[in-house]
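Tertiary structure, described
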Amino acid sequence: MRLHARLMLALFMGLGSTIVFTQAAPALSPDDLKAAIEAAKVPPPPAPYVLKGASKPVTRNAPLDPEVAKTLDPNKILTFGAVYTPFIRAAILARKAADAGRPFGLTDIPSEIQDSLTYVAALPWERTDVTGPDRLVDTIFVIVTPPGSTDRAQIVQPVWVKTETNFLRNILGPTVPERAMLAAFSRDAIQAGKDFVIVYAGSVYAQRVEIRSEDVALWR
């Protein structure tokens, strides 16, 4: 991890007990499971929700690298990752079971993902000013904050993070990107009007992605 990325994490996360930690809640309800199974029966096949928005770089009051700034179009909607709620995870698995001619129930959801957390698969940042292997800059952390704020007392950390997606790809298949970082949040942490802040290892310190009311309504 590069030095300024480590500094960025320290600035966002701070030290001590000022950070809000979210906790896991009970698993998918029987009614939601039934609805997920029904959703899996109709086209198109269930897929993760797309995390998208305009480029909003976060630099903690430091000037943005001019070369990086020139590559950012504030009017362009970008895809920052994918969102996997318990409902959509169950629907994806129910569709896989239906395609294989198997019945599907709550016990068919692997214990590793049988929780009420929402998983965010944060994609690498794609630099347009670089070619070759350095074009993709991996995500190193994801947090939730109030809009425009990095107040340490209001930051919500993920319940857990994973630097790769293998475990989820092994369960859900190709609906999970090969290269991404996974961060799990409680449902209560993901509220309309708040932001995901995605911290990268490269020269773009972080990107702020607004959680819109239409997102929360869609992310069942």
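Heads up: the structure comes first, above all this text.
A short tour of the structure in this document, coming up. Everything numeric here is computed off the predicted structure, so don't read it as measured data.

Focus on the overall build of the protein chain
On a plain count of helices and strands, the protein chain comes out with 6 helices and 13 strands. Per-residue burial over the protein chain gives 48% buried out of 220 residues. Taking the contacts inside the protein chain whose residues are at least 6 apart along the sequence as the reference set, 74% of them involve residues at least 24 apart. Summed over all atoms, the accessible surface of the protein chain reaches about 11200 Å², with 55% contributed by carbon and sulfur.

Quick look at the side chain of arginine 208
Assignment of secondary structure puts arginine 208 in strand β13 (residues 206–210). Assessed through its relative accessible area of 10%, arginine 208 is described here as buried. A polar contact of 2.7 Å, which involves the side chain of arginine 208, links it to the side chain of threonine 145. Leaving out residues up to four positions away in the same chain, arginine 208 has contacts with Ala54, Lys56, Val58, Thr145, Pro146, Pro147, Gly148, Ser149, Thr150, Asp195, Phe196 and Val197.

Regarding the nonpolar core
Among the nonpolar cores identified, the biggest contains 62 residues, and Leu51, Tyr84, Ile113, Leu168, Leu172, Phe185 and Phe196 are the most heavily contacted of them. Among the elements that line this core, the one with the most residues is helix α4 (residues 86–99), at 8 residues. Once residues lying within four places of it in the same chain are set aside, the contact partners of leucine 168 are Tyr84, Ile113, Tyr119, Gly173, Val176 and Leu182.

Quick look at the sheet that holds strand β2 (residues 49–54)
Here we have 5 strands laid out as an open sheet, ordered β2-β4-β5-β11-β10, and antiparallel in their pairing. The open sheet is flanked by β2 and β10 (160–162), the only strands paired with a single partner. Direction aside, neighbouring strands of the sheet carry axes that sit 25 degrees apart on average. Here 6 bridges tie β2 to strand β4 (residues 77–84), and the two strands are oriented antiparallel to one another. The residue of β4 that forms the bridge with tyrosine 49 is valine 83.

As for helix α2 (residues 30–39)
Those residues of α2 that sit buried are Leu33, Ala35 and Ala36. Taken around the axis of α2, the buried residues stretch over an arc of 165 degrees, which confines them to a single face. The exposed residues of α2 that point more than 90 degrees off its buried face are Pro30, Asp31 and Lys34. In the core, the buried residues of α2 are packed alongside α4.

Regarding the pattern of salt bridges
According to the stated counting rule, one finds 9 salt bridges in the structure shown. The salt bridge partner of glutamate 38 is lysine 41, with a shortest N-O separation of 3.1 Å. We classify lysine 41 as exposed; its relative accessible area is 58%. Glutamate 214 is the salt-bridge partner of arginine 212, the closest N and O atoms lying 3.5 Å from each other. In this structure glutamate 214 comes out as partly exposed when scored by relative accessible area, which is 45%. When salt bridges that share partners are traced, they join Arg212, Glu214 and Asp215 into one network.

Focus on α4
End to end, α4 covers 20 Å across 14 residues, agreeing with the expected 20 Å (1.5 Å per residue, within 8%). The complete set of buried residues in α4 reads Pro86, Phe87, Ile88, Arg89, Ala90, Ala91, Ile92, Leu93, Ala94 and Ala97. Along its buried surface, α4 packs onto α2, β2, β4, β5 (118–122) and α5 (166–172). Downstream of α4 by a residue or two, glycine 101 has a phi angle that is positive, lying close to 75 degrees.

What counts as what
- Residues numbered from 1 in each chain as written.
- Predicted model: local features only at pLDDT ≥ 70, side-chain atom pairs only at ≥ 80, totals over all residues.
- Heavy atoms only, no water.
- Helix = DSSP H or I, 4+ residues; strand = E, 2+ residues; numbered from the N terminus.
- Buried < 20%, exposed > 50% of the residue type's maximum accessible area, 1.4 Å probe, protein only.
- Contact = heavy atoms within 4.5 Å.
- Areas by Shrake-Rupley, 256 points an atom, 1.4 Å probe, with all protein chains shown as cover.
- Polar contact = N/O pair within 3.5 Å; in protein donor to acceptor, adjacent residues only side chain to side chain.
- Core = buried A, V, L, I, M, F, W, Y, C linked by side-chain atoms within 4.5 Å.
- Pairing = 2+ DSSP bridges.
- Axes fitted to C-alpha atoms, helices over the stretch in contact; angles between N-to-C directions.
- Arc of directions from axis to C-beta.
- Salt bridge = Lys/Arg side-chain N within 4 Å of Asp/Glu carboxyl O.
- Expected span 1.5 Å × (residues − 1).

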